[in-house]
Amino acid sequence: MKNLFMQIILYYYNQGGEFMEEKTILYIEGDGIGPYIMKPAMKVWDAAFRHIYNEDKKIKWKEILAGKKALKEYGKLLPEETLELLKKYKIGIKGPLETPVGSGYRSLNVAMRQKLDLYACIRPVKYMKGINAPVKSPEDVNIVIFRENTEDVYAGIEWEENSKESNELIKILNEKFGVNLKKSSIGIKPISEFKTKRLMKKAIEYAIENKRKKITIVHKGNIMKYTEGNFRNWCYEVAKEYDLEKYNIKVNDIIADNMFQQLLLNPANFDILVTPNLNGDYLSDAAAAQVGGIGIVPGANIGDEIALFEPTHGTAPGIKEPKMANPTSLILSGVLLFEYMGYRTVAELIQKALEKTIQEGYLTQDLANKKQKSLSAEEFAEKIILNFINI
């Protein structure tokens with residue numbers, strides 16, 4: 001399997017099947033603060049690409065619809081056309097999406113991951129100087145979380161208490177398997193060998209390519225022995241398929257509740273975390289909080305053929321002035337996108353310019369203290385672009 005971010009898609013085919021110097025990247029604007037952070041983020045991405053390649057190479061942004069914008073245009077939150085275009089172009093980036101009550105989806109994000117088989121949710125979490133973090137040593141946090149993205153309790157197999165389905169299932173469990181259940185809501189937690197092993201392979205190959213030295217399997221296998229316990233066992237089986245001593249990579253495991261404690265007490269002891277879906281969801285946000293919040297942590301959803309990048313935060317319906325939203329998570333998700341496509345120089349330029357901007361004290365309202373002026377998303381993007389010439 002090829003390198004996760006640099007070799008999976010070094011190029012891809014455009015309309016007509018010809019390799020083009022002008023690369024098309026799909027984007028979904030998003031709901032809530034989505035439009036307010038997508039526009040400045042795209043300005044940063046375009047400016048960085050021009051700074052590196054001038055006119056020799058170009059990117060073309062093609063909008064596709066999901067969420068409220070799609071509902072208005074197509075009468076559907078997730079049109080089939082959007083899924084088909086993602087299957088065709090293979091790569092995209094999206095803003096946060098809201099799932100309105102009664103829409104038919106538990107979560108649009110989960111629906112897209114499952115329909116496109118984007119099975120690896122990848123979140124690098126690293127402290128950036130200049131950010132006021134809530135812990136003593138945020139600089140010790142430098143981890144990459146590989147979260148299984150398509151099964152576990154997020155499979156959405158559940159029924160309400162006293163429904164026909166839950167009552168029938170309880171009857172079967174009680175009569176055929178000797179379980180003693182009363183009327184309850186019922187959920188099913190599938191964890192499979194196939195999906196676990198392909199996630200672990202992604203994590204190992206990422207570790208090899210990026211010279212990471214430790215992979216920690218996070219699980220609650222002491223209690224859930226046949227789901228998360230097997231998750232642990234299957235990950236170890238994959239590790240045995242590689243000559244990890246050659247790359248000086250160690251693999252260990254830790255119980256999930258202890259992981260939360262150790263992440264706070266000894267974050268420097270961890271490098272790559274491999275987790276089932278629910279554990280990964282919790283740990284991603286917990287780790288992000290240690291470095292300043294989910295507004296500064298990027299996200300990637302990777303399958304074998306398709307990649308969809310996204311900020312780790314939601315639509316922020318409570319923000320009074322959406323133009324003041326922080327675009328950092330989305331901008332850094334674009335960094336992951338460019339790494340994935342093989343444009344590492346562009347990615348490094350954006351990363352360094354963003355970090356320099358923050359170190360200079362230019363911050364959005366969620367990160368600025370009372371003595372600092374808060375920048376809008378547009379103003380923050382402009383400061384980043386100005387720093388391209390100083391890198």
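Let me begin by describing the structure that accompanies this report. (Residues numbered from 1 in each chain as written. Predicted model: local features only at pLDDT ≥ 70, side-chain atom pairs only at ≥ 80, totals over all residues. Heavy atoms only, no water.)

1. Side note on the overall build of the protein chain
Secondary structure assignment for the protein chain yields twelve helices and 14 strands. For a compact globule of 391 residues, the expected C-alpha radius of gyration is about 21 Å, and the protein chain comes in at 22 Å, within 12% of that figure. Considering only C-alpha atoms, the protein chain reaches an extent of 70 × 55 × 50 Å along its principal axes. Expressed as a percentage of the 391 residues in the protein chain, the buried residues total 50%. (Helix = DSSP H or I, 4+ residues; strand = E, 2+ residues; numbered from the N terminus. Rg over C-alpha atoms; globule rule 2.2 N^0.38 Å. Buried < 20%, exposed > 50% of the residue type's maximum accessible area, 1.4 Å probe, protein only.)

2. Quick notes on the environment of L85
Note that L85 resides in helix α3 (residues 80-89). Taking the relative accessible area as the measure of exposure, L85 reaches 17% and is therefore buried. L85 sits 59 residues away from L26 along the chain, and the two C-alpha atoms are 8.2 Å apart. Discounting chain neighbours no more than four positions away, the residues touching L85 are L26, K62, I64 and K90. (Contact = heavy atoms within 4.5 Å.)

3. Remarks on the packing of helix α1 (residues 34-53) against helix α10 (residues 328-340)
At a closest axis distance of 9 Å, the pairing of α1 and α10 adopts a crossing angle of 40°. When the interaxial angle is binned, α1 and α10 end up oblique. As α1 runs across α10, the sense of the crossing is right-handed. Contacts from I37, M38, A41, V44, W45 and F49 in α1 reach L330, I331, G334 and F338 in α10. Among the residues making up the contact of α1 with α10, the classes are represented as nine nonpolar, one polar and no charged. (Axes fitted to C-alpha atoms, helices over the stretch in contact; angles between N-to-C directions. Parallel < 35°, antiparallel > 145°, perpendicular 65-115°, else oblique. Left-handed = near helix turned anticlockwise from the far one by under 90°. Nonpolar A, V, L, I, M, F, W, Y, C, P; charged D, E, K, R; others polar.)

4. Digging into the packing of aromatic side chains
For the structure shown, the criterion picks out nine aromatic pairs. Judged by centre distance (6.5 Å) and plane angle (80°), the rings of Y27 and W61 are edge-to-face. Of the two residues, Y27 is situated in strand β1 (residues 22-28) and W61 in strand β2 (residues 58-63); the sequence distance between them amounts to 34 residues. W61 sits in the buried class, given a relative accessible area of 16%. Ring pairing ties together the aromatic residues F49, Y53, F338 and Y343, which thus form one cluster. Over the ring of Y154 we find R147, and its NZ or CZ is 5.1 Å from the ring centre. The aromatic ring of F270 is capped on one face by K214, whose charged end is 5.6 Å from the ring centroid. (Phe/Tyr/Trp six-rings, centres within 6.5 Å; stacked < 30°, edge-to-face > 60°. Lys NZ or Arg CZ within 6 Å of the ring centre and 35° of its normal.)

5. Side note on the pairing of strand β11 (residues 298-302)
Across the five residues that make up β11, a large majority, five, are buried. Both faces of β11 are covered, namely the face carrying P298, A300 and I302 and the face carrying G299 and N301. The sheet contact formed by strand β4 (residues 120-126) and β11 spans three bridges and is antiparallel. The residue bridging A120 from the neighbouring strand is I302, located in β11. (Pairing = 2+ DSSP bridges.)

6. Concerning the pattern of salt bridges
Enumeration over the complete set of coordinates arrives at 21 salt bridges. With a shortest N-O distance of 2.5 Å, D152 and K189 are connected by a salt bridge. Residue D152 is located in the loop between β5 (142-148) and β6 (158-159), and its partner K189 is located in the loop between β7 (186-187) and α6 (193-209); the two are separated by 37 residues in the primary sequence. Under the relative-accessibility criterion, D152 is labelled buried at 1%. (Salt bridge = Lys/Arg side-chain N within 4 Å of Asp/Glu carboxyl O.)

7. Some remarks on helix α4 (residues 108-115)
Within α4, six of the eight residues are buried, which leaves it mostly tucked inside the rest of the structure. Taken together, the buried positions of α4 are L108, N109, V110, A111, M112 and R113. Two or three places before N109, at the opening of α4, S107 has a side-chain oxygen 3.3 Å from that residue's backbone nitrogen. (Polar contact = N/O pair within 3.5 Å; in protein donor to acceptor, adjacent residues only side chain to side chain.)

8. Some details on the pairing of strand β9 (residues 250-255)
In the sheet, strand β8 (residues 214-219) pairs with β9 via six bridges, with the strands oriented parallel. Bridge pairing in β9 links I217 to D253. At this point the chain moves from β8, through helix α7 (residues 228-239), to the parallel β9, and the crossover so formed is right-handed. (Right-handed = clockwise from strand over helix to strand, strands pointing away.)

9. Comments concerning the environment of L116
Inspection of the secondary structure assignment puts L116 in the loop between α4 and β4. L116 gets classed as buried once you look at its relative accessible area, which sits at 8%. Sequence-distant contacts of L116, defined by excluding residues within four places in its chain, comprise L83, L86, K87 and I306.

Note that every value here comes from positions in space, so none of it alone points to a role or purpose.
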